[in-house]
Amino acid sequence: WVSALSVLSLLVQHMSISPELALAAAAAIGDKALQDQTKELLELKRQLAESRKVEITGSGGFPVYASGHFEDGKCRNRNELVADRAISISFSRSSWWDVPVTMCEGYAGIFLNDLQHLEIRLGGIVYAATRSANEEVQGYDVRILDNDSINGLPRTCRRMIIPIQSGGGSRNAAIQIDLRDMPEPPWKMLKSAISYNRTECNIDALIDVFDMMTSSRELPMRLPNQVSDIISISF
């Protein structure tokens, strides 16, 4: 009995057996205690998978725009010669964890004014948010990824990095988005504002690019159908 339980436990832990097959094997052995142990192991495995889920949602957790898994990420560091150097500018730490995410089925993109109401959730719990009222996004820290330095990306890609500080600055994150097929004139306007911020020393004179991009007074009014895709989350 101990041997059978040990084998089933090992198989379940290493995902080399499906939940249905594990339960069928336990039932075939005919031991109720073993079946209960198998169900408990599978439930713990499900809870572990849920705790590692990364989701980008609207305010209050709905809707879920994009999702990924923490273990699918990779460590990046400031010393790497990587194309997404804008992230290293946005992060004060020397390294971070970069998690790719996939837009959920049913969502063709996120409208610009909805970007100010995003929540980053780990295991269903809010880790950081873009809520403007809490000033968790410093609009002058928004960065653009230069398409010329990203191999394989079409020049029509409009990649941006939105850094977030939450919990009084104790939790940092950054959202990488693609402003899909944004027309050239407003894209150039955003690039000019970001370039200005990088050279301006007076903090009071900096341009809030995030507000420009998400406020109904600015781009959302001019581009009501413009949407963005979320590409990755960095922690």
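This is a predicted model, so every value here is computed, not measured.

**Overview of the pattern of salt bridges**
Per the stated rule, a full pass over the model turns up 3 salt bridges. The salt bridge partner of arginine 158 is glutamate 184, with a shortest N-O separation of 2.9 Å. Here arginine 158 is found in the loop between β9 (143-144) and β10 (159-166), whereas its partner glutamate 184 is found in helix α5 (residues 184-199), with 26 residues between them in sequence.

**Section: the nonpolar core**
Met160, Ile177, Leu179, Leu190, Met213, Ile230 and Ile233 are the most contacted members of the largest nonpolar core, which totals 38 residues. For this core, the elements supplying multiple residues, two or more each, are β1 (53-57), β2 (64-69), β8 (125-129), β10, β11 (171-178), α5, α6 (209-214) and β12 (227-234). Non-local contacts of isoleucine 233, meaning those with residues more than four positions away in its chain, are made with Val54, Ile56, Trp97, Asp98, Val99, Val101, Ile120, Ala174 and Ile175.

**A word on the sheet that holds strand β5 (residues 102-103)**
Strand order in the open sheet formed by 5 strands is β5-β2-β1-β7-β8, with antiparallel pairing between adjacent strands. Lying at the two open borders of the sheet, with one neighbouring strand each, are β5 and β8. The pairing of strand β7 (residues 119-122) with β8 spans 4 bridges and is classified as antiparallel. Paired with isoleucine 120 across the bridge in β8 is alanine 128.

**Thoughts on the confidence of the model for the protein chain**
Per-residue pLDDT for the protein chain has a mean of 79; in total, 72% of the residues score no lower than 70. Within the protein chain, no element has a lower average pLDDT than helix α4 (residues 85-90), which sits at 48, and none a higher one than strand β6 (residues 110-111), at 96. Scored below 50 in pLDDT, residues 81-85 makes 9 contacts in the model with residues more than four places away or belonging to other chains.

What counts and how
Residues numbered from 1 in each chain as written. Predicted model: local features only at pLDDT ≥ 70, side-chain atom pairs only at ≥ 80, totals over all residues. Heavy atoms only, no water. Salt bridge = Lys/Arg side-chain N within 4 Å of Asp/Glu carboxyl O. Helix = DSSP H or I, 4+ residues; strand = E, 2+ residues; numbered from the N terminus. Core = buried A, V, L, I, M, F, W, Y, C linked by side-chain atoms within 4.5 Å. Buried < 20%, exposed > 50% of the residue type's maximum accessible area, 1.4 Å probe, protein only. Contact = heavy atoms within 4.5 Å. Pairing = 2+ DSSP bridges. pLDDT = per-residue confidence, 0-100.

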